[in-house]
Amino acid sequence: MAVDLRPPALAPRPSLRLLLGLGVSSALAALVLTVLLLSGGPVGWGLSMLLALAPLPILLSAVLGLDRLEPEPRLYLGFAFAWGAGVAIVLGIALTMAGEAVVAGLGYSAGVTDDVGTVVLAPVIEEALKGAALLALLRRRREIDGLTDGIIYAGMAGLGFAAVENVGYYLGSFGQGGVDGAVATFVLRGVISPLGHPVYTSLIGIGVAYAAVRRRYWAIPLGYLGAVSLHMLWNGSATTGSLPFFGLAYLVIMAVLVVLILVTVRERRALVARMGDVLPRYQGTGLLSPQDLGMLTTLKARKHARAWAKKAGLGRAMSDYQQAATELAMLHVRAERERMDLESFAAERDALLEVMARARRW
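Definitions and limits used
Residues numbered from 1 in each chain as written. Predicted model: local features only at pLDDT ≥ 70, side-chain atom pairs only at ≥ 80, totals over all residues. Heavy atoms only, no water. Helix = DSSP H or I, 4+ residues; strand = E, 2+ residues; numbered from the N terminus. Buried < 20%, exposed > 50% of the residue type's maximum accessible area, 1.4 Å probe, protein only. Contact = heavy atoms within 4.5 Å. Expected span 1.5 Å × (residues − 1). Salt bridge = Lys/Arg side-chain N within 4 Å of Asp/Glu carboxyl O.

Draft legend 1. Inspection of the overall build of the protein at higher detail. A tally of helices and strands in the protein yields 14 helices and zero strands. When the helices and strands of the protein are placed in sequence order, the string is α-α-α-α-α-α-α-α-α-α-α-α-α-α. Considering only C-alpha atoms, the protein reaches an extent of 75 × 45 × 40 Å along its principal axes. Taken across its 362 residues, the protein has 46% of its residues classed as buried. Of all intrachain contacts in the protein linking residues separated by at least 6 positions in sequence, the fraction that spans at least 24 positions is 76%.

Pasting the structure below:
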């Protein structure tokens, strides 16, 4: 976040489970990459790492760009990414291989076993594992207070998973077809469909977020079913080799991506409109002039205010002020939704007003 909006007494301490999960996930991701290095050699591994990491800054910016109005804590974002890259990858490989062994043991051919693993087992297992990161964060309800938050955390888990998985795919293609083979696979996975895993898992993110906000827990299995179905559709199109099927799957995934973007835009506009209802109550504090209210309650005005403040040397102060005001509006929403006790509400409200007072220098 741009600023610590709560004093130490109010700031939530990271749980031991979260820190342990982050550490274990990071170690497992490093282990997988080391195994790939030892099995594929430094040249192929280096090229594969380069191809896997090249689009990552753009993809991370695209996902996190949806969250600029109320950024999530970096620790939680890092946990989601590391979980996808580590725990989800390792368990996904192990469980899929175990499932394929069962299918082969039933007497099916190697081709059928591979298809079942790709089209059925991988989507069912991988989406459950990536979605587990969202379930872990569900315990921290404060950090998932809208559908956008669910999409962001799911996107991070999906990007982590895809980054490490792609290294394996590129390395395998390099072993079969050299540089040309690796680059061809990169075009498919890194250029044509780089957001596959984030989009699939975002449906789980929406389900978990809806459960967190509305207490409608049926949304979680529904989101999981949607993620698995979308993942199966894509893997099935790749397995059949049918160009029309591939095109249909691609169009469906792009349509879901557009819907996800529209959800975040609509939710962001609703929050800004809510600020227009809440913030006028604080004009008596002297921290919100009519001009400040106008600046805070439309997305266009907020952007212009940040541009003006940056030129005036007040860029950080304006960012802190806007974020504190946003958190203040969200505090009211959360208080109404969760029936927060007055003492806790007052403590958080006063902490946010203090941040606004320190930041406002215009």
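Draft legend 2. Local environment of helix α9 (residues 219-240). Between its first and last C-alpha, α9 extends 31 Å over 22 residues, near the 32 Å set by a 1.5 Å rise per residue. Buried-residue contacts for α9 involve α6 (110-138), α8 (196-214) and α10 (243-278). Directly after α9, the chain includes G241, whose backbone phi takes a positive value near 75°.

Draft legend 3. Structural view of the environment of V87. Within the fold, V87 resides in helix α5 (residues 87-105). When its relative accessible area of 11% is taken as the criterion, V87 is described as buried.

Draft legend 4. Broad picture of the pattern of salt bridges. In the structure shown here, the tally under the stated rule is eight salt bridges. Of the charged contacts, one joins E127 and K130 as a salt bridge, the two residues approaching to 2.8 Å between their closest N and O atoms. With a gap of three residues between them, E127 and K130 both fall in helix α6, about one helical turn apart. Relative accessible area serves as the criterion here: at 0%, E127 is assigned to the buried category. For the salt bridge of R349 with D350, the shortest nitrogen-to-oxygen distance reads 3.1 Å. Residue R349 is classed as partly exposed on the basis of its relative accessible area of 25%. What makes D350 partly exposed here is its relative accessible area of 41%.

In short, the description is geometric, and any link to function would need to be established separately.
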